Each structure stands twice: as structure tokens, then as C-alpha cells.
Amino acid sequence: MTYSVTDPEDLEPVADRPCDLRRLSEAAGLDSVAINRFAAAPGEQLPLAYHYHETQEEAFVVCSGTLRVETPDGEFEVAEGSMFAASPEAPHRAYNPADANDPVSVIAIGAPPVDGDAVPYETGE
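Attention here is on the structure that accompanies the text. The model shown is predicted, which means the values in this text are computed figures rather than measured ones.

Ring pairs (aromatic) are described by centroid distance and by the angle formed between their planes. For the coordinates displayed, the defined rule picks out 3 aromatic pairs. Aromatic pair Tyr50 and Tyr121: ring centres 5.0 Å apart, planes at 40 degrees, arrangement tilted. Highlighted residues: Tyr50 in the loop between β2 (34–40) and β3 (51–53) and Tyr121 in the segment after β10 (118–120), separated in sequence by 71 residues. For Tyr50, a relative accessible area of 9% gives the class buried. An aromatic cluster of at least three residues, connected via ring pairs, comprises Phe60, Phe76 and Phe84. Sitting over the ring of Tyr95, Arg93 keeps its end group 4.2 Å from the ring centre.

Here it is in C-alpha cells:
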């Protein structure tokens, strides 16, 4: 059996991201799920673009603050302690609005773990 304790603050942030991203699953030695911690100041978004995943299910658990998620079906406001989930092929863009009073901290969980399958979604605007 293997166990681990990972503090996101001990990990290096991922470069060239719109907000602070720390990859937890790799640090914990997990291979079957992707777990990331995002910290976004007002006006920052979590992903690089409005997107969907071809095979990955994704869940965002809000640890602090309020997360906003844009989808083709409308906007969702996800309060602290709540979770937003997206099935494969469901376009979304998670962000902290520019007019927010506080930063937002989110744990994102994706399975199966994938790299490079985020497909940009065009909103038509």
C-alpha cells in the first residue's frame, strides 16, 4: 500500500496558465485520475480556453470563493462547498468574474486522466 500527503503550496505552479495551477495527482503518484488545484484572482479563468474533453469527465469542487462556469446552456454560479460537473463533450469555461470580491480556490478532478484532449469550443460570438 502507498499513501501520501500533498500540500499544493509545496508544488511549483504550472507556467503559462491564466491562474495559479498546481498538479496534485502526479505529486501523489496517482495514475487513474487527474487532480489539480486552481487559485484564481478576480478576472482570471481556470482553463486555457472555453473547451470540452472528448473522453474525460470533469468535476470542480469549490473550496473557497464562488466559481462561475459558462456553458452553451447558460451560466452557473457554484458556491463554496459545491461542485460543478461536466460530462465528456460538454463545453465549459470556469472563471472568477472580474467584479468578484474574493479569489476562488478549486479542486478539479478529471477521469480518465488525459493530456492534450481539450478541444476548443467556439461560442459563435
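Next, the rest of the story.
Our focus in this paragraph is the environment of Ala98. As for its position among the elements, Ala98 is in the loop between β8 (93–95) and β9 (104–111). Under the relative-accessibility criterion, Ala98 is labelled exposed at 67%. The spatial distance from the C-alpha of Ala98 to the C-alpha of Ala86 is 23 Å, given a sequence separation of 12 residues.

What counts and what doesn't
Residues numbered from 1 in each chain as written. Predicted model: local features only at pLDDT ≥ 70, side-chain atom pairs only at ≥ 80, totals over all residues. Heavy atoms only, no water. Phe/Tyr/Trp six-rings, centres within 6.5 Å; stacked < 30°, edge-to-face > 60°. Helix = DSSP H or I, 4+ residues; strand = E, 2+ residues; numbered from the N terminus. Buried < 20%, exposed > 50% of the residue type's maximum accessible area, 1.4 Å probe, protein only. Lys NZ or Arg CZ within 6 Å of the ring centre and 35° of its normal.

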